[in-house]
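As a plain string of letters, each chain reads:
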Amino acid sequence: MPSHQCFALHIKRKMIIYKHAFDVIAYLKKVEQTNTSTGFVPTMGALHKGHLSLLEKSKQVCDITVCSIFINPTQFNNTEDFKKYPVTLEQDIYTLEKNGCDMLFLPDVNEMYPQGTIAKKHFNLGYLETVLEGKYRPGHFQGVCQVVNRLLTIVSPTHLFMGQKDYQQCMVIKKLLALENFNVQLIICPTLREETGLAMSSRNLRLSDEQKKQASDIYKSLLNIKEKLKPGTLHFLKKEAEKYLINKNCIPDYIEIAEANSLKIINEWNGKDDLVILAAAFIGDVRLIDNILLKRQDSFYL
Ligand code: AMP
């Protein structure tokens, strides 16, 4: 082997994989002496470029980057969806190491829920839990909070990286950080899309090529609203978007327009408030979500 290759191999930092919380805690305590910031990217695996953009951002901002892969049973309100959730673990491990992740936390369900998966604690999410994803997926955000709360307690990151693709989830996590007094900076990263506009998602692995084309109509329906949006009533725009999706065989749970900072659903726009347009729709039995933010300043409201 030429000497320069040998050198490259020596300086490459290896990714460490831990399955147990106490190992993660011990390792991070050790490296804390030389590193001041820890970035954390929680995922459910079946990784795509959207996930990797979060990892990349964390590497730019933080000394150490920790990712987790855990398909969290408590956030699935539909058992079939849980059973069919894509798993590509070997590929994920390879991808994370190749892309410079420092540590992968890979817990099993007992590690995450030592006292069982029946919720011991209720998070007071208020209005956020009653609309959109909260309304159509009862219990979903309680499950998200349970798992993120536990992960944050174990990893104790300085920065948490999440995707705008799950807009409502970002708002829920912001609330969780406040409720539980976590001293963590939440960084929201933009949605990565396929060339067709389809938001990247692990669940896209469950779609055929034909269905992927169909699914890109979800984003088109959001763009249609954006183009036609003007002050006044929004009723017609929403109805038209709903019909558009149904015609394209994307069966919507909702396509809604909300205030960007509160997620309050609006039916009449004053032409000033920043908005988010959100949709959830089924392609066959695969449920996908997407959103676009219409804001006047270049900063997130979250
Ligand atoms: P998941 O594995 O689906 O739970 O997602 C893990 C993280 O990746 C969440 O913070 C998501 O919002 C984020 N994410 C998922 N899809 C995308 C995407 N297309 N672009 C950017 N971030 C994403």
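Presented here is an overview of the structure given in this document. (Residues numbered from 1 in each chain as written. Predicted model: local features only at pLDDT ≥ 70, side-chain atom pairs only at ≥ 80, totals over all residues. Heavy atoms only, no water.)

## Focus: the sheet that holds strand β10 (residues 275-283)
In step 1: One open sheet accounts for three strands, arranged β8-β10-β11; its pairing is antiparallel. The strands lining the two open edges of the sheet, one partner per strand, are β8 (251-259) and β11 (286-294). Within the sheet, the average angular offset between the axes of one strand and its neighbour, ignoring direction, is 10°.
In step 2: Note that β10 and β11 share nine bridges and pair antiparallel. (Pairing = 2+ DSSP bridges. Helix = DSSP H or I, 4+ residues; strand = E, 2+ residues; numbered from the N terminus. Axes fitted to C-alpha atoms, helices over the stretch in contact; angles between N-to-C directions.)

## Concerning the environment of Ile289
In step 1: Inspection of the secondary structure assignment puts Ile289 in strand β11.
In step 2: Through-space distance from the C-alpha of Ile289 to that of Ala279 is 5.6 Å; in sequence the pair is 10 residues apart.

## Some remarks on the packing of helix α10 (residues 209-228) against helix α11 (residues 235-247)
In step 1: Contact geometry of α10 with α11 gives a least axis separation of 10 Å together with a crossing angle of 155°. The angle between α10 and α11 places the two elements in the roughly antiparallel class. Taken as a pair, α10 and α11 cross one another with a handedness that is right-handed. Facing α10, whose interface residues are Asp217, Ile218, Lys220, Ser221, Asn224, Ile225 and Lys228, α11 presents Leu237, Glu240, Ala241, Tyr244 and Leu245.
In step 2: Here the residues of the contact of α10 with α11 are counted per class, giving six nonpolar, two polar and four charged. (Parallel < 35°, antiparallel > 145°, perpendicular 65-115°, else oblique. Left-handed = near helix turned anticlockwise from the far one by under 90°. Contact = heavy atoms within 4.5 Å. Nonpolar A, V, L, I, M, F, W, Y, C, P; charged D, E, K, R; others polar.)

## Topic: the site of the ligand
In step 1: In the region of the ligand, 16 residues are neighbours, and Met44, His51, Asp166, Leu192 and Met200 sit closest.
In step 2: In the environment of the ligand, an oxygen atom lies 3.0 Å from a nitrogen or oxygen atom belonging to the backbone of Gly163.
In step 3: In the environment of the ligand, an oxygen atom lies 2.6 Å from a nitrogen or oxygen atom belonging to the side chain of Asp166.
In step 4: Against a free-state accessible area of 490 Å², the protein chains account for coverage of 93% of the ligand.
In step 5: Looking at the shell around the ligand, the elements with two or more residues in it are β2 (38-43), α3 (49-61) and β5 (159-163).
In step 6: Taken together, the residues of the shell around the ligand sort by class into eight nonpolar, six polar and two charged. (Near = heavy atom within 4 Å. Polar contact = N/O pair within 3.5 Å; in protein donor to acceptor, adjacent residues only side chain to side chain. Areas by Shrake-Rupley, 256 points an atom, 1.4 Å probe, with all protein chains shown as cover.)

## Description of the packing of aromatic side chains
Each pair of aromatic rings is reported with the distance of its centres and the angle of its planes.
In step 1: In this structure the tally under the stated criterion is five aromatic pairs.
In step 2: Ring centres of Tyr136 and Tyr254 lie 5.6 Å apart, and the angle between their planes is 40°; this geometry places the pair in the tilted category. Here Tyr136, found in helix α7 (residues 132-136), pairs with Tyr254, found in strand β8; they are 118 residues apart in sequence, far enough to count as distant.
In step 3: Since its relative accessible area comes to 33%, Tyr136 is described here as partly exposed.
In step 4: Sitting above the plane of the Tyr219 ring, Arg193 keeps its charged end 3.7 Å from the centroid. (Phe/Tyr/Trp six-rings, centres within 6.5 Å; stacked < 30°, edge-to-face > 60°. Buried < 20%, exposed > 50% of the residue type's maximum accessible area, 1.4 Å probe, protein only. Lys NZ or Arg CZ within 6 Å of the ring centre and 35° of its normal.)

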